[in-house]
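So the chains spell out like this:
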Amino acid sequence: MFDIFYKLGWFFKQHWKRYTIAIVLLLIANIFEVIPPLLVGLAIDDIFQGELTQSILMQYVIILLVIAVVSYAMNYVWQYLLFGGANEIERRLRSMFMGHLLRMTPTFFERNRTGDLMARSTNDLKAISVTAGFGVLTLIDSTAYMLTLLITMGFVVSWKLTLAAIIPLPILAIVMQLLGKKIHNRYTSAQNAFGDLNDRVLESVAGVRVIRAYVQERADEKQFLEGTEDVYQKNVKVAFIDSLFNPLTKILTGISYMIGLGYGSHLVFTQTITLGELVAFNVYLGMLIWPMFAVGELINIMQRGNASMDRVNGTLSYQEEVVDIENPTNASALSAISFSNSGFQYPSSTVRNLSNVNVTLKQGDTLGIVGKTGSGKTTFVKQLLKEYPVGEGEISIGDVSIDQQTKDHVRAWIGYVPQDHVLFSKSVRENILFGSDGATEKDVMDALRMAHFGQDLQMLPEGLETLVGEKGVALSGGQKQRISIARALIKDPAVLILDDSLSAVDAKTEANILDNIRRERSGKTTIITTHRLSAVEHADWVIVLDEGQVVEEGTHDQLLANKKWYFQQYERQQVQESLLGEVRS
Amino acid sequence: MSVGKRLYQYALFFKKTIILALLMLTVSVGAELVGPFIAKKMIDDHILGIEQPWFESDDTKDAVSYDGTFYKRGDYFEEGEGRGQEARIYQMGTRFFFVDEPDAFSGEGERSFDNGKLTFSTQDGDIKFGAQELSGKEVLAFYQPEIPRIIMLVLLYFVLMVVAAIFHFGQGYTLQRSANRIIQKMRTDLFSHIQRLPINYFDKLPAGKVVARITNDTEAIRELYVQVLSQFFYSGVYITGIFVALFILDPKLATICLLLLPILYIWMVIYRKYASKYNHVVRSKVSEINASIYESIQGMTIIQAFRREQKKQQEFEKMNDTHFNYQNKLLSLNSLMSHNLVSILRNITFVTFIWYFGSGAIGSESVVTVGVLYAFVDYITRLFQPVTGIVNQLANLEIALVAGERVFELLDEEGEEVKDSRISRYKGHVEFDRVSFAYKKEDYVLKNLSFEAKPGETIGLVGHTGSGKSSIMNLLFRFYDCQKGEIRIDGKNIKEYPRQTIRDHMGIVLQDPYLFTGTISSNVSLNDSRISRDKVEQALKDVGADRVLKHLEQGLDEPVIEKGGTMSSGQRQLISFARALAFNPSILILDEATSSVDTETESIIQEAMETLKTGRTTFIIAHRLSTIKNADQILVLDRGEIVEKGSHDHLMALRGKYFQMYQLQQGNMQVG
């Protein structure tokens, strides 16, 4: 359970000064906590026996004031240091976590669901942070502070009375522990019910048109009511246990006080303790309740922290899949791209996703890749991006195998437009500049023009400064695709990869964009994967993939003459493919 | 009305239980606060009571035998019982002395014992009495009458604790239950309200935000009712109780303690001011950080492909550092002003306390008894618990108020009641009569539009984005209402029916079909009792979905996850076709999907559309011309106006826009 402190050892070592000072001050402050009741007890005895004089009174008052001020200062320092450590570790781990994510490749993200990673970066980091701050505090309080109190009570007042009075307290700690477990389970189930409710509402809102069109409002409300009732029932179950905590504490501490007063009086009668001591004793009894709880808290925090630490470490220890070799040979110029006998299989796949592919692409060529969904088109381009370890065969860029080159170097050649358009919650301008930092205003406008976004830009409420992405304005799929294209174009890359990235624009716009690209990127390489064959008509070479293999290749005309899949598909699309959407009237 | 007031009004829905809870709380606090009184009685009457005057007596109840004589405490004599000579017992530390003298000194001054003489040193000089020191046995004998009384008191104390505990449980549980009921009511109110809201509300606001109001914001308010309210109630009652007790004990000191209240209040105001500022920044940074992680995970390929890892990390560090700095500010504030300040206040109260009683005690008769002192210390220590409790809840209060503001904002949006009246199936004769419509003022997207669809006809709508195709659908469904002209179904203006009534005989297939979590079957029937399982099966078969779905292991009961994530777009399309078919509407609107599906599925979809069309008036918003070639009427829309109208052949013969479009399609073919 205390493994967590070992696992966080590196951090404690780095911050040993902080923790040493904090803990020492905390210990001293704890002792100072014990003194005021003691003084009050003594004062009561003095008052009662008429032994109080002006000077003794002044002494009491001054000592108490000094203690108050000194412990205030000490409390501030240790709290700031101790919890500051918790903040520090949260920041460090979060930064490490993000850094790690940024090194991870798609396989990692396939294996770890986004929700799960998010939970790790939020709840789990928080739990670890709590361990490093509050956890340390409870550790000290449940051990050192408790001992200080017990020893004071024992030595100053009476051991017999101390032992008798604290009998109920361990029982209290155990009961709380048990209830804590129970409430945790019930709470989890309430949270799950809440999560279900959340999902249901999301569907009701997202599917609002369907619900209204089919007049299902009442049914939807009824379903929602059932959901809230479920949440209610589960929360009430939590409330039941929750409401037990305080009363049980009252009863058990009540027993303690009862023993303290009853047996304490007896000790006064038998002349073992004085009345003032009895009063002070009861004050200490009150102070003991927190350290007793701290024991229970400590167990919870440690367990939670440990589990969280393991989860975070589990993520952090995931090895980078595509590691750069130690002495890379980076190609100096991009002369050609070639795949020879290339094969690849995704870690999670049961079939070969690419096999025995041989393609050579001269600089300045345009390569078209077509084929059914799942035929390996995207796999092909992802090989160039070094997102996965290279499979069989060899892929080279500029006559050097990409194995021998660093990821950074290879990716520097490429401008990539993915299938699913990813934009960030930033302005249109920032999203485009994502492709190239140093670009000028003119570059941005050029890229937008090439991506055929000029007209759309005028429609946006704040032009280039319009916020897009999750929090921004809703863009159509086609608009997002075109911004993505602009983002790649502004980089003016040696190799442009369009991975089915024109699917949401109409044929006319597509033709327009492709024209622009052909015209302004002469001498540079372009790779286009697509469903729509019109996009590759002008390519220098087209390959047709099926189940990871090249089944046909050639120029557009050659492939038509082949009269195979490409030809059939082309015929079919001729009939179907005419989107009226953007026809100028 | 302020948010606080409205939240209060929500609470009033359950005022009976809340009042019950408050009563229980009062009983509980009362019982609890009697505790120190009992301790006071024990100390004053029974432990110190031994210093009260004793008198010689007969061997009766409560009489103690000492040195062959019986003595009895003055206050234990029955009425009319004869009293003998007075005697006193004095305590010094743990030693006890017996003074057998009448009218003995009441006992102030420093005590000392020497040579059989007990000396009291007072300002007026020493007073000496002849005294015998009592042995342990003898002391115990003198205490003997007190023991059963003390036991009674201790038991009473325990009983009161149990009563306090039971009532405390009762109030906690009751209050939490009603708090949860309040929230349930608030949630159902919100949910029914969103059913009433016009559809444009959903077009304006992302789904996530709407959901957050119904669930997360209400959850924050739940915290308010459960934690904050009960803590405030508890603290309020508790503090009041303590002051009542303090006033009973010693009005003067209690008045001095009242000074604590404004101090606590001022402190709370200052603390809250800074804490809420820092908390606000911390919370917003947390959400930014989370959003950034989320976005990075989603867009990792892009970040890496564009080699932006370092820049992303830098951006991230900036947020992380701001978060860290504000967390430290908050920490500093808390270390200065939270528990720490409470404990210094407590210590200062102790100082005042000692000063007050101490100076009162010097050189004069003791103003109060030790029991009162004990009770005072106890109450003052207790006074600070509820205060800390309130402080701990302030942040939650802040969050809840902000959440409340958003919730009420949503509830204040204007809506329209959901109506349950139904009419029998109309034939589906649709007329648009000089209809004009604008989403925004004066910015008409449909201009003076007129057309007629006879029952059973198929109408094709073509035109580019923004030509008004979708607006026609929105108007027909009364998702929106037109500003001018009227739309009639079977000769009756649709505005004369409630929206739900008119929609009852309409079906819709959206461009991006929406599937709900459940099963394929539940997605077809929408769990509507009118749609039997046979009907579901038949509908799926009729649209040809059985062919596409046949490989699914559980057939009709195959689970569908959120938005139909595991299904292909073709499959989703077919399920939503089956849904429309099962509801057998007399008017159907089909928004053709643009996204490419594989060719096999596409042909199935084409066939399914034919099936769907039969026996009902169908509007098809077409993106592919081939889909509507067979339509009875094709409406070519341009900027909100019908520019051409007629069958395919008719429009071709017209050699107008439609013809042009068609030519363009041919042209496209020739390019290939």
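Predicted model only: the values in this text are computed from it and were never measured.

We now examine the overall build of chain A. Helices and strands together make up the secondary structure of chain A, namely 20 helices and 10 strands. Taken over C-alpha atoms, the radius of gyration comes to 36 Å for chain A, far larger than the 25 Å a tight globule of 585 residues would show. Judged by the C-alpha coordinates and their principal axes, chain A covers about 115 × 65 × 50 Å. A total of 585 residues make up chain A; the buried ones form 48% of that total.

Before going further, it helps to examine the sheet that holds strand 18 (residues 587-591) of chain B. All names here are of chain B. The strand order 15-18-19-12-20-21 describes an open sheet built from six strands, whose pairing is mixed. Where the open sheet ends on each side, the last strands, each with one partner, are strand 15 (506-509) and strand 21 (641-646). Mean inter-strand twist for the sheet, computed between neighbouring axes without regard to direction, equals 15°. Relative to strand 18, strand 15 is paired through four bridges, and the arrangement is parallel.

Attention now moves to the interface of chain A and chain B. Across the contact, 126 residues belong to chain A and 134 residues belong to chain B. With 27 residues, helix 10 (residues 217-269) of chain A is the largest single contributor of residues to the side of chain A that touches chain B. Here the residues of the side of chain A that touches chain B sort into 67 nonpolar, 38 polar and 21 charged.

A separate point is the domain arrangement of chain B. Here chain B is described as being made up of domain 1 (3-39 + 150-411), domain 2 (63-144) and domain 3 (430-671). Put simply, the middle of domain 1 of chain B and the middle of domain 3 of chain B, counted by C-alpha atoms, are 54 Å apart.

Our focus in this paragraph is unusual backbone geometry. In this structure, Lys563 of chain A takes a positive phi of about 55° despite not being glycine. Tracing the chain through its elements places Lys563 of chain A in the loop between helix 19 (556-562) and helix 20 (565-576). A count of 10 C-beta atoms within 10 Å places Lys563 of chain A in the exposed class. The backbone of Asp62 of chain B shows a phi angle near 70°, a positive value even though the residue is not glycine. Along the chain, Asp62 of chain B turns up in the loop between strand 1 (54-57) and strand 2 (64-66). Judged by C-beta crowding, with 18 C-beta atoms within 10 Å, Asp62 of chain B ranks as partly exposed.

All right, on to the environment of Ser424 of chain B then. Residue and element names in this part refer to chain B. Of note, Ser424 is situated in the loop between helix 12 (370-412) and strand 10 (430-438). By C-beta crowding, Ser424 is classed as exposed, having 6 other C-beta atoms within 10 Å. Residues Ser424 and His505, spaced 81 residues apart in sequence, show a C-alpha to C-alpha distance of 8.5 Å.

The subject of this paragraph is the UniProt feature "transmembrane region" (unreviewed entry) in chain B. Residues and elements named next belong to chain B. Within this structure's numbering, the places UniProt gives as "transmembrane region" (unreviewed entry) are residues 150-169, 224-247, 253-271 and 353-377. Secondary structure across residues 224-247 divides into 100% helix and 0% strand, with the first and last C-alpha atoms of the span separated by 32 Å. Along residues 253-271, the helical share is 95% and the strand share 0%, with 27 Å between the first and last C-alpha atoms.

Let's shift gears to the sheet that holds strand 3 (residues 69-73) of chain B. Residues and elements named next belong to chain B. Here we have six strands laid out as an open sheet, ordered 2-3-1-4-5-9, and antiparallel in their pairing. In this open sheet, the two edge strands, each paired with only one partner strand, are strand 2 and strand 9 (132-133). Here strand 4 (residues 86-92) pairs with strand 5 (residues 95-99) via five bridges, running antiparallel. The residue of strand 5 that forms the bridge with Met92 is Arg95. Sheet strands in contact with helix 3 (residues 136-143) are strand 2, strand 4 and strand 5, and its direction is about 150° off that of strand 2.

Our next topic: the pairing of strand 20 (residues 633-638) of chain B. Residue and element names in this part refer to chain B. Across the six residues of strand 20, five count as buried, placing the element largely inside the fold. Pairing geometry for strand 12 (residues 458-462) and strand 20, over four bridges, is parallel. Opposite Ile459, over in strand 20, you have Gln633 as the bridge partner. Sheet analysis places strand 20 next to strand 21, joined by five bridges and oriented antiparallel. Paired with Asp638 across the strands is Glu641, a residue of strand 21. Here strand 20 folds back onto strand 21, and the loop between the two strands holds two residues, one of which, Arg639, carries a positive phi near 45°.

All names here are of chain A. In this structure's numbering, the residues bearing the UniProt feature "transmembrane region" (unreviewed entry) are residues 21-44, 56-78, 127-151, 157-179, 251-269 and 281-301. For the annotated span residues 56-78, helix accounts for 100% and strand for 0% of the residues, and the straight-line distance between the end C-alpha atoms is 32 Å. In this annotation, residues 157-179 is assigned 91% helix and 0% strand; the end-to-end C-alpha distance for the span is 33 Å.

Time to look at the packing of helix 7 (residues 159-166) of chain A against helix 10 of chain A. Residues and elements named next belong to chain A. Running from amino to carboxyl end, helix 7 crosses helix 10 at an angle of 155°, the nearest separation of the two axes being 8 Å. Relative to helix 10, the element helix 7 is oriented roughly antiparallel. When you trace helix 7 past helix 10, the crossing you get is right-handed. Of helix 10, the residues touching helix 7 (which contributes Leu161, Ala164, Ala165 and Ile166) are Ser256, Ile259, Gly260, Tyr263, Gly264 and Leu267. Looking at side-chain class alone, the contact of helix 7 with helix 10 contains seven nonpolar, three polar and no charged residues.

All names here are of chain A. Tracing the backbone through its elements, the reader meets Val400 in strand 5 (residues 400-401). Take Val400: there are 17 C-beta atoms within 10 Å of it, and that puts it in the partly exposed class. Along the sequence, Val400 and Leu489 sit 89 residues apart, while their C-alpha atoms lie 25 Å from each other.

Cut-offs used in this document
Residues numbered from 1 in each chain as written. Chains lettered and ligands numbered in written order. Predicted model: local features only at pLDDT ≥ 70, side-chain atom pairs only at ≥ 80, totals over all residues. Helix = DSSP H or I, 4+ residues; strand = E, 2+ residues; numbered from the N terminus. Rg over C-alpha atoms; globule rule 2.2 N^0.38 Å. Buried ≥ 20, exposed ≤ 12 C-beta atoms within 10 Å, placed from the backbone. Pairing = 2+ DSSP bridges. Axes fitted to C-alpha atoms, helices over the stretch in contact; angles between N-to-C directions. Contact = placed C-beta atoms within 7 Å. Nonpolar A, V, L, I, M, F, W, Y, C, P; charged D, E, K, R; others polar. Domains from an automatic or database assignment. UniProt positions renumbered as here; feature names shortened; annotations may be inferred. Parallel < 35°, antiparallel > 145°, perpendicular 65-115°, else oblique. Left-handed = near helix turned anticlockwise from the far one by under 90°.

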